[in-house]
Amino acid sequence: MNPYAKLITSTSLILGTTITASSNHWAMAWTGLEINTLAIIPMISKSHHPRAIEAAIKYFLIQAAASATMLFSSMINAWQTGQWDITQLTYSTSCLLLTTAIAMKLGLVPFHFWFPEVLQGSSLITALLLSTAMKFPPIIILLLTSNSLNPTLLTLMAIFSAALGGWMGLNQTQIRKILAFSSISHLGWMTIIIIYNPKLTVLTFLLYTLMTSTIFLSLNTTNTTKLSTLMMSWTKAPLLNTTLMLTLLSLAGLPPFIGFLPKWLIIQELTKQEMTPAALTIALLSLLSLFFYLRLTYFTSITLPPNPTNHTKHWYHNKSTNALIATLTSLSILLLPLSPLILTTI
């Protein structure tokens, strides 16, 4: 991509996110979301591959429909109450429409179908942006309006997202699709607690962003997109593959890694809110996700590929992101002892 085009798209992404995060008026929030959408589309389609073009068109259609639904929701609320303030969403129909719009933007069940396909058609760095930075503005809107939304509906969507994210990731061979279903599953954990403890949702999102960034950057370094090439990357970068295995276990939520902290706190908070059945259900559903994370770690570090004489060699280009990957990996693996300090900040 042209450096000037890359500068414009990157600046627009930051601008759109800032506008949405700092706005109180529905029109400004909508404007920020539209700037974000228009900025990410060239990054999805920059390879000019038919799959990338298809992913860009799917992303545009879904995001345009979600933005229109959100704007329609705010107009109905303003018509009924005279309020354009984001926090003053009180009309029931508007609340339902907004829940639908945000679920479409985030990729929550049952509006999740577009997300794995778009990630599969994007490059690894663009997939990282779609999984992390592009989720931040809708989550901010969900945080601001969480007191007005239906808790039963959000809980059901969260549990189904955790279930489908774990179930659909079991038989995948493409790593980007596996990480897409991982994102859907983690969004379920964030959504189920957002009404009762919004700060915990923010903490979960930040830690998810940290671990996912580490995984995508590690995969981008070895240019790995499939399980078969992941299995063969051990000979190219053994130390990087070892740390990738530990980061995957952290994303799965296993102690003693930092990924265990948000799941433990969410289950604790749900129990305090007398939602023990929901806590038990989502904890059991996380075992589905744990299976494909363990599958990934197995392919990453335990399986050695066969090496026939006619085996195609993959070139390994050592990219200049080693310091960043080392920092992110250290935080993803070793941050749990600092959890008392993290908890005091929230």
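Just above, that's the structure.
Quick caveat, the model's predicted, so the values are computed rather than measured.

S.K.: Just checking my understanding: could you explain the overall build of the protein for this structure?
M.R.: Along its length, the protein carries 16 helices and 0 strands. What you see for the protein is a C-alpha radius of gyration of 20 Å, in line with the 20 Å of a compact globule of 346 residues. Counting only C-alpha atoms, the protein reaches 75 × 50 × 35 Å along its principal axes. Counting every position in the protein, which comprises 346 residues, the buried fraction comes to 53%. Accessible area of the protein: about 15,600 Å², with a carbon and sulfur share of 69%.

S.K.: I keep staring at helix α13 (residues 260-272) and nothing clicks. Help me out?
M.R.: The end-to-end C-alpha distance of α13, which contains 13 residues, comes to 19 Å, matching closely the 18 Å that a straight helix rising 1.5 Å per residue would cover. Those residues of α13 that sit buried are Leu 261, Pro 262, Lys 263, Leu 265, Ile 266, Glu 269 and Leu 270. Contact partners of the buried residues in α13: α9 (175-193), α10 (198-222), α12 (238-252), α14 (276-302) and α16 (339-345). Glu 274, located one to two residues past α13, shows a positive phi value of around 60°.

S.K.: I'm lost on the packing of α9 against α13 in this one. Help?
M.R.: Geometry of a packed helix pair, given as the angle between the helix axes and the separation of the axes. Between α9 and α13, the least distance of the axes is 10 Å, while the angle of their chain directions is 35°. The crossing of α9 and α13 is left-handed. Contact residues: α9 offers His 186, Trp 189, Ile 192 and Ile 193, while α13 offers Lys 263, Ile 266, Ile 267, Glu 269 and Leu 270. Among the residues making up the contact of α9 with α13, the classes are represented as 6 nonpolar, 1 polar and 2 charged.

S.K.: What exactly am I supposed to notice about a nonpolar patch on the surface here?
M.R.: Nonpolar side chains collect at one region of the surface, where Leu 38, Ile 53, Ile 57, Phe 60 and Leu 61 lie side by side and expose about 470 Å² of accessible area between them. Here Ile 57 is to be found in helix α3 (residues 50-81). Accessibility expressed as a relative area gives 48% for Ile 57, which makes it partly exposed.

S.K.: When you look at the nonpolar core in this model, what are you seeing that I'm missing?
M.R.: The nonpolar side chains of a soluble globular protein tend to be buried with one another. In this structure, Tyr 59 and Ile 192 are the most contacted members of the largest nonpolar core, which totals 95 residues. Of the domains in this structure, domain 1 (1-122) and domain 2 (150-345) are the two that each give at least three residues to this core. Once residues within four sequence positions are removed from consideration, Ile 192 is found in contact with Thr 155, Ala 158, Ile 159, Ile 266, Leu 270, Ala 278 and Ile 282.

S.K.: Explain the packing of aromatic side chains here, please?
M.R.: Pairs of aromatic rings are described using the distance from one ring centre to the other and the angle between the two planes. Inspection of every chain in the model, using the stated rule, returns 6 aromatic pairs. When the centroid spacing of 6.1 Å and the interplanar angle of 0° are considered together, the rings of Phe 260 and Trp 264 count as stacked. Of this pair, Phe 260 and Trp 264 both sit in helix α13, 4 residues apart, which is roughly one turn of that helix. Residue classification places Phe 260 among the partly exposed residues on the basis of a relative accessible area of 28%. In this structure an aromatic cluster arises from ring pairing among Tyr 59, Trp 114 and Phe 115. A cation sits over an aromatic face here: Lys 135 above Phe 115, 3.8 Å from the ring centre.

S.K.: Help me understand empty space enclosed by the protein in this model?
M.R.: Picture a little ball the size of a water molecule; that probe, rolled over the atoms, points out where space is still empty. With the rule as written, the count across this model stands at 5 cavities of 30 Å³ or more. Here the largest cavity defines a volume of roughly 60 Å³. Surrounding the largest cavity, Leu 33, Asn 36, Thr 37, Tyr 59, Gln 63, Lys 105, Met 134, Pro 137 and Pro 138 form its lining. Secondary-structure elements contributing two or more residues to the lining of the largest cavity are α2 (26-44), α3 and α7 (136-145).

S.K.: Explain the environment of Leu 61 to me, please; I cannot follow it from the model alone.
M.R.: By the element assignment, Leu 61 lies in helix α3. Residue class for Leu 61 comes out exposed when judged on its relative accessible area of 52%. For Leu 61 and Leu 261, which are 200 residues apart along the polypeptide, the C-alpha to C-alpha distance reads 36 Å.

S.K.: What's the story with the environment of Asn 241 in this structure? I'm lost.
M.R.: Within the secondary structure, Asn 241 sits in helix α12. Considering only alpha carbons, one finds Asn 241 and Ser 161, 80 residues apart in sequence, at a separation of 29 Å. The contacts of Asn 241, once residues within four sequence positions are left out, are Leu 230, Ser 233, Trp 234, Thr 300 and Ser 301.

S.K.: Can you walk me through helix α15 (residues 322-334) in this structure?
M.R.: One full turn of an α-helix is made of 3.6 residues, so residues set three or four places apart face in the same direction. Here α15 contains 13 residues, and its C-alpha end-to-end distance of 18 Å stays within 8% of the 18 Å for a straight helix at 1.5 Å per residue. The set of residues buried in α15 consists of Ile 325, Leu 328, Thr 329, Ser 332 and Ile 333. For α15, the buried positions fall inside an angular range of 125° around the axis, keeping them on one side. Projecting away from the buried face of α15 at angles above 90 degrees are the exposed residues Ala 323 and Leu 334. Packed against the buried residues of α15 are α10 and α12.

Cut-offs applied
- Residues numbered from 1 in each chain as written.
- Predicted model: local features only at pLDDT ≥ 70, side-chain atom pairs only at ≥ 80, totals over all residues.
- Heavy atoms only, no water.
- Helix = DSSP H or I, 4+ residues; strand = E, 2+ residues; numbered from the N terminus.
- Rg over C-alpha atoms; globule rule 2.2 N^0.38 Å.
- Buried < 20%, exposed > 50% of the residue type's maximum accessible area, 1.4 Å probe, protein only.
- Areas by Shrake-Rupley, 256 points an atom, 1.4 Å probe, with all protein chains shown as cover.
- Expected span 1.5 Å × (residues − 1).
- Contact = heavy atoms within 4.5 Å.
- Axes fitted to C-alpha atoms, helices over the stretch in contact; angles between N-to-C directions.
- Left-handed = near helix turned anticlockwise from the far one by under 90°.
- Nonpolar A, V, L, I, M, F, W, Y, C, P; charged D, E, K, R; others polar.
- Patch = residues over 30% accessible without salt bridge, like charges linked within 9 Å, V, L, I, M, F, W, Y side chains within 5 Å.
- Salt bridge = Lys/Arg side-chain N within 4 Å of Asp/Glu carboxyl O.
- Core = buried A, V, L, I, M, F, W, Y, C linked by side-chain atoms within 4.5 Å.
- Domains from an automatic or database assignment.
- Phe/Tyr/Trp six-rings, centres within 6.5 Å; stacked < 30°, edge-to-face > 60°.
- Lys NZ or Arg CZ within 6 Å of the ring centre and 35° of its normal.
- 1 Å grid on protein atoms, 1.4 Å probe; cavity = no way out; pocket = protein on both sides within 12 Å on 5 of 7 lines; lining within 4 Å.
- Points joined across faces, edges and corners; volume = space filled by probe spheres on them.
- Arc of directions from axis to C-beta.

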